[in-house]
Amino acid sequence: MSGYRLDAGGQIDRNAKLSFRWDGKSLSGFEGDTLASALLANGQSLVARSFKYHRPRGIMTAGSEEPNALVTLGEGAATTPNTKATVVPLRDGLVAHSQNWRGSLKWDLMSLNDVLSPVLSAGFYYKTFMWPKSFWERLYEPAIRASAGLGALSGSVDPDSYANGFKHADLLVIGAGPAGLMAALTAGRAGLRVIVADEDTRLGGRLNAETLEIAGAPGHQWATEAAAELAALPNVTVMPQSTVFGVYDGGQYGILERGTAQVRATFWRVRARHAVLASGATERPIAFPGNDRPGVMMAGAVRTYLNRFAVATGQQVALFGNNDSLARTARDLRAAGVDVVVELDSRAGASVIGTNGRQGLRQIMTGDGTWREADCLAISGGWSPNVHLMCHHRGRPVWREDIAAFVPGPDLPPGMLCAGAVTGAGSLSAALREGAAAAVKVAEAHGTTARTEVPQAEDEPTAIAAFWHVSGAKGRAFVDFQHDVTTKDIIQAKTEGFEAVEHLKRYTTLGMATDQGKSSNVLGLALMAEARGVPIADAGTTIFRPPYTPVPIGAFAGPHRGPQFRPVRRTPSEPWAKEQGAVFIEAGQWMRAQYFPRAGEQSWQETVAREVTTTRSSVGVCDVSTLGKIEVQGRDAAAYLNFVYCNGFAKLAVGRTRYGLMLREDGFAYDDGTCARLSEHHYIVTTTTAKAGEVYRHMEFVRQCLCPEMDVHLISTTDGWAQYSVAGPQSRSLLSRLIDEDISDTAYPYMACGAVTVCGTAGRLFRISFSGELAYEVAVPARYGDALIRALMAEAQSFDGTAYGTEALGVMRVEKGHPAGAELNGQTTAADLGLGRMVSSKKDSIGAVASRRPALLAEDRAQLVGLVPEDKSKSLRAGAHLLATDAAAEMGQDQGWISSAVHSPTLGHDIALAFLKGGANRAGDRIRAWDGLRGRDILVDVVSPHFYDPEGARLRT
């Protein structure tokens, strides 16, 4: 044995040496190692610090249940914190760091918390930080935030790639241990479509960790042959490094696949008619003083590192447990030449009552008070079946006294069967039999026959006598190693009334965070049951929820992030706008021109002011193709629209357009826009840019579910038409040069609409205005959009016209007092917006009745008003709170808020739209616009929200 690496054995490739870095040190391992096994092989016993007390922590397990060895992988933007070293395959060049310390891992300054542990016991947050009240924001919260968390994110954009995908199967086998492999082989040979998923890199489960035999050969060899046979079957998909983390409705399972060549992780949605849960069991610790010291490990993990990775976890190993698996550990250690200093079986009255060693185990004290030299203590308090996934449909496990464990109850998710250690079948032979039997049942449900060919295997002894903690010994005995929850904390929780298991979890933090109590929960529940004097079955279990193990948020997003988060939609005028040097902004799903700077203009405000002034004095052109466009056709289209909108549409004449307001079913304003009637049964509905998709889905719901008897058909044509607003006193003159038809005021009055010919192309024209000026919206098929903007702007030059973007558009709509997205925020009603008369009382419509609820018509509701600063040189900002002039700046005095604020070049000062309590009757009041975030406190006057041409004379000219 060289150091801690055995000279022979294991399932590593000794011809493939790998180099990696740990906390800046260069170390080496072999292909087939995990980061944990490589660290142990290099004698690295101290790998982490605990969350609360910052106590030294070492590797405790060999799987995803690991509570201690959380590390940070990578450097720079590629940093990935809180990764369990036990499940990280070693690769050449891997960079890993310990975490959750100040100073260094060996000398952690935050270990001062351990000295303060008497005052940091269960519930200390609730008790300590309630008084004095003023200390919370100044002292307590900053201190907690500074020390909270484990590892740290890089703060940079994640450079890794992720993917999503779908799979379908007749049978999903969850876990590829002996039971899972036997189930997959039996079902695969019967021709069923099978997916077998296992979180490990190597199929076989505990067969890779044990020296048990199947059919006279080593168990790991049988597992390798079984995996090869499954991979060769065309109807079987083998998924190593794939964790089934959630069970959902309709036979859907969430699987996280890690470490493929192209992507870091893939989130698979798997639909399976049946599933076999063969998730195995997790070994649990025993509580005794000093049981958290580095070098104290689970006995099963000691066997795993020995048999699979050829690593001795110590040179002098002691054993302490309550079941027959302890003897297997001692046998395997001795066979490998490792010194077993003592075997302590609680069933014979033996125990450990203390440990010694500053940053790693050096001695243990046995129950008779004798100190023994040992650098590793292998403990086993029994095995807890991994029942988590069967509980994701609210099923509850049941307690089995004979194995001292919870096993799956009768309420399994539809289509799920269980097999192997998860059912309490502790022996290898029993696991193989149960796996095959489960597959036979699935085959029968699919109308086929599966042959049962179970190989001969051992029925190794699995007896256990429940033993949870060493009583009477002095010192802290830990239950949850990640959160430093001790036996004392659990007794304290019971004493203080937090004895329900869900309260226990939250009061003590037992079983929270990355391990979700896989190793600690049952021990904690047993201690609480003992303290209450009830059987553990009566104490119950906490609710298991997805995910079973942590899932990177990036995996849920897959490739849909950054520019791929959603399709970028581009307006028809974008090529021309880019040629003009336009600045673009993301609006909804679209990239829109925000403004068009010209040479000599010093700021964007100067550019916007020019665009507004030019439009109001001459003519301006804006691309409004992003507005939602929904074609509504059918014999009942008029009646349908009359129901969708709160104002009347039954009598809208052909060739006319009307402004419309939609309400939600709860009576609040949903969206606004226009509706144009092109012919008897043909309408065009426009929506806001942001809600185009939502409104279309809403209208489809109404059509299919609320009005199924109506002859109505909808189609979204938002992308099909390029549409431009042409506004200003010269707009009619400009369009007359491009449109063949007569568009004079007599032929085309305000709110008219119809088909026209634009530059020889069939188009549509709507005389509508949201700027307050004479204005039109002209539409042509989208493929002609670029040509039309060039034609419009060529003609605009003769009028000294301009193109204008979303900023000028916003300024003009605020000047006109027109509500938009900031006002239609889902919290306002038609009455709040000053549009209460639009809600017709002569017909039924969506939300109309609900909108008349007394609370929604109360006079003191926040209602739309206009604001101007008393000092016209002051600037207003959206989000400011409205207060009485003598009121304190506190929420109890809040009277409303500013929803939109702009600088008006037309008026020469800032203006704002706001919602003010009782605003409809408060014109002339003076109040304060208080903005604590920006340090502003400004006196403002309440005025009409219609700042510009309130009579509407200009748009009708």
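What counts and how
Residues numbered from 1 in each chain as written. Predicted model: local features only at pLDDT ≥ 70, side-chain atom pairs only at ≥ 80, totals over all residues. Heavy atoms only, no water. Helix = DSSP H or I, 4+ residues; strand = E, 2+ residues; numbered from the N terminus. Buried < 20%, exposed > 50% of the residue type's maximum accessible area, 1.4 Å probe, protein only. Contact = heavy atoms within 4.5 Å. Pairing = 2+ DSSP bridges. Axes fitted to C-alpha atoms, helices over the stretch in contact; angles between N-to-C directions. Salt bridge = Lys/Arg side-chain N within 4 Å of Asp/Glu carboxyl O. Expected span 1.5 Å × (residues − 1). Core = buried A, V, L, I, M, F, W, Y, C linked by side-chain atoms within 4.5 Å. Parallel < 35°, antiparallel > 145°, perpendicular 65-115°, else oblique. Left-handed = near helix turned anticlockwise from the far one by under 90°. Nonpolar A, V, L, I, M, F, W, Y, C, P; charged D, E, K, R; others polar. Lys, Arg positive; Asp, Glu negative; His and termini not counted. Polar contact = N/O pair within 3.5 Å; in protein donor to acceptor, adjacent residues only side chain to side chain. Disulfide = S-S within 2.5 Å.

Examining the overall build of the protein chain
Consideration 1: Counting secondary structure elements, the protein chain contains 22 helices and 49 strands.
Consideration 2: Counting only C-alpha atoms and orienting by the principal axes, one finds that the protein chain spans roughly 105 × 70 × 55 Å.
Consideration 3: Classification of the 957 residues of the protein chain by burial places 57% in the buried group.
Consideration 4: Put simply, 67% of the contacts in the protein chain that link residues at least 6 apart link residues at least 24 apart.

What about the sheet that holds strand E42 (residues 775–781)?
Consideration 1: Spatially, 6 strands are ordered E40-E41-E42-E39-E33-E43 in an open sheet, and the strand pairing comes out mixed. Each edge of the sheet is formed by a strand with only one pairing partner; in this case those strands are strand E40 (753–758) and strand E43 (802–803).
Consideration 2: Across 2 bridges, strand E33 (residues 620–623) lies against E43 in parallel orientation. Paired with Val621 across the two strands is Ala803, which belongs to E43.
Consideration 3: Each of E33, strand E39 (721–727), E40, E42 and E43 is contacted by helix H20 (residues 785–796), which is oriented at about 15 degrees to E39, the strand it contacts most.

Remarks on the sheet that holds strand E32 (residues 590–595)
Consideration 1: Read across the open sheet, the 3 strands follow the order E30-E32-E31; overall the sheet is mixed. A single partner strand is all that each edge strand has here, and the edge strands are strand E30 (569–570) and strand E31 (583–587).
Consideration 2: Packing against the sheet, helix H21 (residues 806–816) makes contact with E31 and E32, and its axis sits at approximately 75 degrees to E32.

Examining the pattern of salt bridges
Consideration 1: Tallied over the entire structure, the rule returns 45 salt bridges.
Consideration 2: Arg433 is the partner of Asp459 in a salt bridge, and the nearest nitrogen-oxygen pair spans 3.9 Å. Of this pair, Asp459 sits in the loop between helix H9 (428–445) and strand E28 (478–480) while Arg433 sits in helix H9, placing them 26 residues apart in sequence.
Consideration 3: Salt bridges sharing common partners tie together Arg55, Arg57, Asp292 and Asp484.

As for H20
Consideration 1: In this model H20 runs 16 Å from its N-terminal to its C-terminal C-alpha over 12 residues, within 8% of the 16 Å that 1.5 Å per residue would give.
Consideration 2: Within H20, the full set of buried residues consists of Gly785, Leu788, Ile789, Ala791, Leu792, Met793 and Ala796.

Remarks on the pairing of strand E48 (residues 926–931)
Consideration 1: Examined bridge by bridge, strand E45 (residues 881–883) and E48 share 3 bridges and lie antiparallel to one another. Opposite His881, over in E48, you have Trp930 as the bridge partner.
Consideration 2: Sheet analysis places E48 next to strand E49 (residues 936–943), joined by 6 bridges and oriented antiparallel. Within E49, the position partnered with Ile927 by the bridge is Val940.
Consideration 3: Taken together, E48 and the strand that follows it, E49, pair antiparallel across an intervening segment of 4 residues, in which Gly935 is found at a positive phi of about 70 degrees.

Considerations on unusual backbone geometry
In most cases, non-glycine residues show a negative phi, while peptide bonds are predominantly trans.
Consideration 1: That bond from Pro546 to Pro547 is cis: its omega, 0 degrees, falls within 30 degrees of zero.
Consideration 2: Tracing the chain through its elements places Pro547 in the loop between helix H13 (536–539) and helix H14 (553–557).
Consideration 3: A positive phi angle, close to 75 degrees, is found at Arg394, a residue other than glycine.
Consideration 4: In this structure, Thr509 takes a positive phi of about 65 degrees despite not being glycine.
Consideration 5: Following the sequence through the fold, Thr509 ends up in the loop between helix H11 (501–508) and helix H12 (521–532).
Consideration 6: Since its relative accessible area comes to 23%, Thr509 is described here as partly exposed.

A closer look at H11
Consideration 1: By the burial criterion, the buried members of H11 are Val501, Leu504, Lys505, Tyr507 and Thr508.
Consideration 2: Phi turns positive one or two residues past the end of H11, at Thr509, with a value near 65 degrees.

What to know about the nonpolar core
Consideration 1: In this structure, Leu35 and Leu377 are the most contacted members of the largest nonpolar core, which totals 64 residues.
Consideration 2: It is helix H1 (residues 35–41) that provides the largest number of residues to this core, a total of 6 residues.
Consideration 3: When sequence neighbours within four positions are dropped, the list of residues in contact with Leu377 reads Phe288, Gly295, Val296, Met297, Ala318, Leu319, Phe320, Val352, Leu361 and Ile364.
Consideration 4: In this structure, Trp222, Ala223, Ala439 and Val442 belong to the second largest nonpolar core, which totals 39 residues.

Considering the packing of helix H7 (residues 299–307) against helix H8 (residues 325–335)
Consideration 1: Running from N to C, H7 and H8 point in directions that differ by 30 degrees, and their axes come no closer than 9 Å. Regarding the angle of H7 to H8, the classification is roughly parallel. Remark: the crossing between H7 and H8 carries left-handed chirality. Packed against H7, whose contacting residues are Ala299, Val302, Arg303, Leu306 and Asn307, the element H8 presents Ser325, Leu326, Arg328, Thr329, Asp332 and Leu333 at the interface.
Consideration 2: Looking at side-chain class alone, the contact of H7 with H8 contains 5 nonpolar, 3 polar and 3 charged residues.

A closer look at the packing of helix H10 (residues 487–495) against H11
Consideration 1: Relative to each other, H10 and H11 sit at 125 degrees, their axes nearing to 10 Å. Overall, the two elements H10 and H11 adopt an arrangement that is oblique. Classified by chirality, the crossing of H11 by H10 is right-handed. For the pair H10 and H11, contact is made by Asp489, Ile490 and Ala493 and by Leu504, Tyr507 and Thr508, respectively.

Remarks on the pairing of strand E9 (residues 194–197)
Consideration 1: Side-chain alternation along E9 places Val194 and Val196 on one buried face and Ile195 and Ala197 on a second face that is also buried.
Consideration 2: Pairing of strand E8 (residues 162–174) with E9, which is carried by 4 bridges, proceeds in the parallel orientation. Bridging from a neighbouring strand, Val173 pairs with Val196 of E9.
Consideration 3: Sheet topology note: the E9/strand E12 (residues 236–239) ladder contains 4 bridges and is parallel. Considered in E12, the bridge of Val196 is made with Val238.

Some words on the side chain of Lys629
Consideration 1: Inspection of the secondary structure assignment puts Lys629 in strand E34 (residues 628–633).
Consideration 2: Despite its burial, Lys629 pairs with no opposite charge, the nearest such side chain being Asp719 at 7.1 Å.
Consideration 3: A distance of 2.5 Å separates a polar side-chain atom of Lys629 from the backbone oxygen of Ser625.
Consideration 4: In terms of polar contacts, Lys629 uses its side chain to reach the backbone carbonyl oxygen of Leu627, at 3.2 Å.
Consideration 5: When sequence neighbours within four positions are dropped, the list of residues in contact with Lys629 reads Val624, Val685, Ile715, Ser716, Thr717, Thr718, Trp721 and Gln723.

Observations concerning the environment of Leu333
Consideration 1: You can see Leu333 is positioned in helix H8.
Consideration 2: Separated by 157 residues in the primary sequence, Leu333 and Ala176 have C-alpha atoms spaced 26 Å apart.
Consideration 3: Excluding residues that lie within four positions of it along the chain, Leu333 makes contacts with Val302, Leu306, Val317, Val338 and Val340.

Focus on the state of the cysteines
Consideration 1: Considering all chains together, one arrives at 0 disulfides under this definition.
Consideration 2: Free cysteine Cys753: the closest other cysteine sulfur is in Cys675, separated by 8.8 Å.
Consideration 3: Taking the relative accessible area as the measure of exposure, Cys753 reaches 7% and is therefore buried.
Consideration 4: Residue Cys759 stays outside any disulfide, its sulfur separated by 19 Å from that of Cys622, the closest cysteine.
Consideration 5: You can call Cys759 partly exposed: its relative accessible area is 46%.

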